Amino acid sequence: MALAAQPDLSARLRSDGDGLRIRLERRETLLELLHGIQATLDPSAIAAYLVAWAPGWIPASGWAVVACEPGHPPALLAARNLAAEAEQAALQIAEFVAASGDDFYATDLRHDARVSLDVPAAVTAFPLRARGEVAGALVGMDPGPSSLEPRLAGAADAAWHVLLEPAGVALANALLLRRAEELSVTDDLTRLHNARHLHEVLRREGKRAMRSGWPLSVLFSDLDGFKRVNDSLDHLHGSRALIEAAAVIRGCARETDIVARFGGDEFAMVLPETGAEGALAVAGRVRERVAAHRFLAAEGYDIRLTVSIGVATLPDIPGSSHDLLVAADQAMYRVKASGKNGIQVATALPQ
């Protein structure tokens, strides 16, 4: 005997409208949600809670929460039971939700002009609002089309949106906190880490290296001839060249490395669990890529710069993490004194 096909998402939503409304309006439902979203200040953790919570109320098989911060592209915070292409579709849906401020419903995403991806799914998506702005979007996707738009009935829909209000506020507050924390450790110009964060990381990694016995390396670099960019062009072009240099240097690092602008045209890299040989390899990569880069090419210039790099490694250089940074700095100045465009390894404690 053939099994009956499962009702589509819209039919499943309509089948229990009154019962769902009653459950949504219960005080216990709101308290449970508040407990879940207020247990953390991490936006990704709040999003993970929501994608686990939502299927208990709206029976879509896949869910995502997308951050929609002004001035930033939509960013996936958490997803559940969504393929990669569906996750990309969720980003486009969230972008529409953020721009319009409206719910998003689709019977079959393949035939919806608002999304460019060919994903066979019924969709129900909701803005997560706070203080009159859309902080994110909660996106539910179910495989296969629906005969009707997958909407909740009137009273149940109203109760559902009441529950989403505190979720939106919690997500917005967490995103604001994360952005503030990022700004406090970020260089305004290059968007690398700043010197303050560099010192904090270096202290932490120095202690970890001492406990574990793993090596720790620091690279300290200075752009050669950068002053002539400011002198021959102007400080605005100099700032743009620094931004390009920061991108080149950051591109030479691993995910576990910390790259910071120390000040002016000086940059530092902290390389956890990396000995002198590995640090030299990174330094060589930085030197080669900076020398090969055509600075300000987008503005019609072909400016070439080089870099002087000092390398210091624990435990080869005994002492504190501060000593390590100073040793790398002094090694860099030895490169400057001997002709620039090179790499020097520190072999003794800084003087």
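See above for the structure.
So, a few notes on the structure that sits alongside this text. (Residues numbered from 1 in each chain as written. Predicted model: local features only at pLDDT ≥ 70, side-chain atom pairs only at ≥ 80, totals over all residues. Heavy atoms only, no water.)

**Details of the overall build of the chain**
Across its full length, the chain holds 11 helices and 10 strands. With the C-alpha coordinates aligned to their principal axes, the bounding extent of the chain is approximately 80 × 50 × 50 Å. A fraction of 63% describes how many contacts in the chain between residues 6 or more apart in sequence connect residues 24 or more apart. Of the charged side chains in the chain, 35 are positive and 44 negative; the average position of the first set lies 4 Å away from that of the second. (Helix = DSSP H or I, 4+ residues; strand = E, 2+ residues; numbered from the N terminus. Contact = heavy atoms within 4.5 Å. Lys, Arg positive; Asp, Glu negative; His and termini not counted. Charge placed at Lys NZ, Arg CZ, Asp CG, Glu CD.)

**Here's the deal with the nonpolar core**
Among the nonpolar cores identified, the biggest contains 36 residues, and Leu50, Trp53, Val65, Leu128, Leu138 and Trp160 are the most heavily contacted of them. When contributions to this core are tallied by element, the ones reaching two or more residues are helix H1 (9–14), helix H2 (17–24), helix H3 (27–37), helix H4 (43–53), strand E1 (62–67), strand E2 (75–80), strand E4 (121–130) and helix H6 (154–184). Considering every element that reaches this core, the biggest residue donor is H6, with 10 residues. The residues touching Trp53, leaving out its near neighbours within four places in the chain, are Leu33, Trp160, Leu163 and Leu164. (Core = buried A, V, L, I, M, F, W, Y, C linked by side-chain atoms within 4.5 Å. Buried < 20%, exposed > 50% of the residue type's maximum accessible area, 1.4 Å probe, protein only.)

**Comments concerning the pattern of salt bridges**
Applying the stated criterion across every chain yields a total of 19 salt bridges. With a shortest N-O distance of 3.4 Å, Arg261 and Asp187 are connected by a salt bridge. Taken together, the residues Arg261 in strand E7 (residues 258–263) and Asp187 in the loop between H6 and helix H7 (195–212) connect sequence positions 74 residues apart. Summarising the burial analysis for this pair, Arg261 and Asp187 share the class buried. Beyond isolated ion pairs, a larger network of salt bridges with shared partners links Arg204, Glu205, Arg208 and Glu273. (Salt bridge = Lys/Arg side-chain N within 4 Å of Asp/Glu carboxyl O.)

**Considerations on helix H11 (residues 321–337)**
At 3.6 residues per turn, the α-helix brings residues three or four places apart onto the same side. Across its 17 residues, H11 extends 25 Å between first and last C-alpha, which sits within 8% of the 24 Å expected from 1.5 Å per residue. Buried-residue contacts for H11 involve H7, strand E6 (216–224), E7, strand E8 (266–272), strand E9 (306–314) and strand E10 (343–345). Positive backbone phi, at 120 degrees, marks Gly339, one or two positions downstream of H11. (Expected span 1.5 Å × (residues − 1).)

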